[in-house]
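Commentary on secondary and tertiary structure
Below, each chain spelled out in residue letters.
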Amino acid sequence: MNQPSPAAAPDEASFELFNEREQIEQAEKALLAALERQRFDGASIFAIRLAFEEGVVNAFRHGHKELPDKPIQVSWKVKPHEVAISITDQGPGFDPEDVPDPTLDANLEIPSGRGIMLIRAYMTEVAFNDQGNSIQMRYEFSAETR
Amino acid sequence: MASAESRLRIRKENDVHQVEFIDRNILDEGNIQQIGEEISEIIEAEGKPNVLISFSNVDHLSSAALGTLITLNNKVKGKNGQLRLANIDPQIYEVFVITKLNKLFQIHDTTSEAMSAF
């Protein structure tokens, strides 16, 4: 499927995304437009945007370190109170348990390693496949969320 | 670098370099790198750098931006200077709290409060 346009703002999308800032921003705008149409509130949209951004950046920066010209696979499904997002790269994968806890005092001054923890903090549910090259995240928007 | 348009507004007041972002979203890695280089130049040019970064225009930032702020903080501390942050939107401040970086950085509500703390 081609990359969705912000104007179309489809509730469901599945497409290849290349490491071009303009493409990433277009994809993000299309997702945000779908969320707005489903009346997600500002705090939810902030959270989902942040998780989407971190997921995409991680896929390119780490997964595609040796594959700079290859696309990642992105999909989402937006429902009235829920969104599910999947981001899959073509890299070898990683073990999320190997990422040191960036919130420990000893690690606070290390400039990297916060993407995954932010995704976990903001999303309702986060899972990786066994290979560690695909992240599935789900956000539930309800009165209890906020 | 010389040809790239600055992504910052910088002015100096009472030995403090006040830095403001032009972009509302500090997400793009290329921009973040440029911002880091611009502020690093200020730090390197000073014996004891005092830098205040205002987030008044910022709606979004990424973990890459946090990483750059940490690197800048380390550089400032290495020269016995001070880096202070101000005007952080509550949603973005929450990102600092989640990552516990509110413990690492000197964060103030307003620019004037930050200025009087130098």
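These notes cover the structure that comes with them. Note that the structure is predicted; figures quoted are calculated from it, not measured.

1. Considerations on the pairing of strand S2 (residues 72–79) of chain A
The two faces of a sheet get side chains in turn, since along a regular strand they alternate between them. Residue and element names in this part refer to chain A. Only one face of S2 is buried: it carries Ile72, Val74, Trp76 and Val78, and the other face, with Gln73, Ser75, Lys77 and Lys79, is open. For strand S1 (residues 12–17) and S2, the ladder comprises 6 bridges, and the chain directions are antiparallel. Bridge pairing links Glu12 to Lys77 in S2. When S2 meets strand S3 (residues 82–88), the two strands line up antiparallel, connected through 7 bridges. What sits directly across from Gln73, in S3, is Thr88. Adjacent in sequence and paired antiparallel, S2 and S3 are bridged by 2 residues.

2. Overview of helix H1 (residues 21–37) of chain A
Residue and element names in this part refer to chain A. Its 17 residues place the ends of H1 24 Å apart at the C-alpha level, agreeing with the 24 Å of an ideal helix rising 1.5 Å per residue. The inward-facing, buried residues of H1 abut S1, helix H2 (42–63), S2 and S3. Of the residues flanking the end of H1, it is Arg39, one or two places downstream, whose phi is positive at about 65°.

3. Side note on the sheet that holds S2(A)
All names here are of chain A. Across the sheet, 5 strands lie side by side as S1-S2-S3-S5-S4; this open sheet has antiparallel pairing. Both outer strands of the open sheet, S1 and strand S4 (125–128), are each paired with one neighbouring strand and no more. Averaged over all pairs of adjacent strands, the angle between strand axes in this sheet comes to 10°, irrespective of strand direction. This element, H1, spans S1, S2 and S3 of the sheet and lies at about 15° to S2.

4. Some words on the interface of chain A and chain B
With 24 residues of chain A at the interface, the matching set in chain B holds 26 residues. With both sides pooled, the region where chain A packs onto chain B buries about 2,100 Å², and carbon together with sulfur makes up 58% of that total. By the criterion of area lost to chain B, the three top residues of chain A are Phe46(A), Leu108(A) and Glu109(A), representing 28% of everything that side buries. At the junction of chain A and chain B, the tally comes to 4 salt bridges. Its salt-bridge partner being Arg21(A), residue Asp28(B) comes within 3.8 Å of it at the nearest N-O pair. At the level of secondary structure, the elements contributing two or more residues to the side of chain A that touches chain B comprise H1, H2 and helix H3 (115–122) of chain A. Of all the elements, H2(A) adds the most residues to the side of chain A that touches chain B, at 9 residues.

Conventions we followed
Residues numbered from 1 in each chain as written. Chains lettered and ligands numbered in written order. Predicted model: local features only at pLDDT ≥ 70, side-chain atom pairs only at ≥ 80, totals over all residues. Heavy atoms only, no water. Buried < 20%, exposed > 50% of the residue type's maximum accessible area, 1.4 Å probe, protein only. Helix = DSSP H or I, 4+ residues; strand = E, 2+ residues; numbered from the N terminus. Pairing = 2+ DSSP bridges. Expected span 1.5 Å × (residues − 1). Contact = heavy atoms within 4.5 Å. Axes fitted to C-alpha atoms, helices over the stretch in contact; angles between N-to-C directions. Buried area = accessible area lost by both parts, 1.4 Å probe. Salt bridge = Lys/Arg side-chain N within 4 Å of Asp/Glu carboxyl O.

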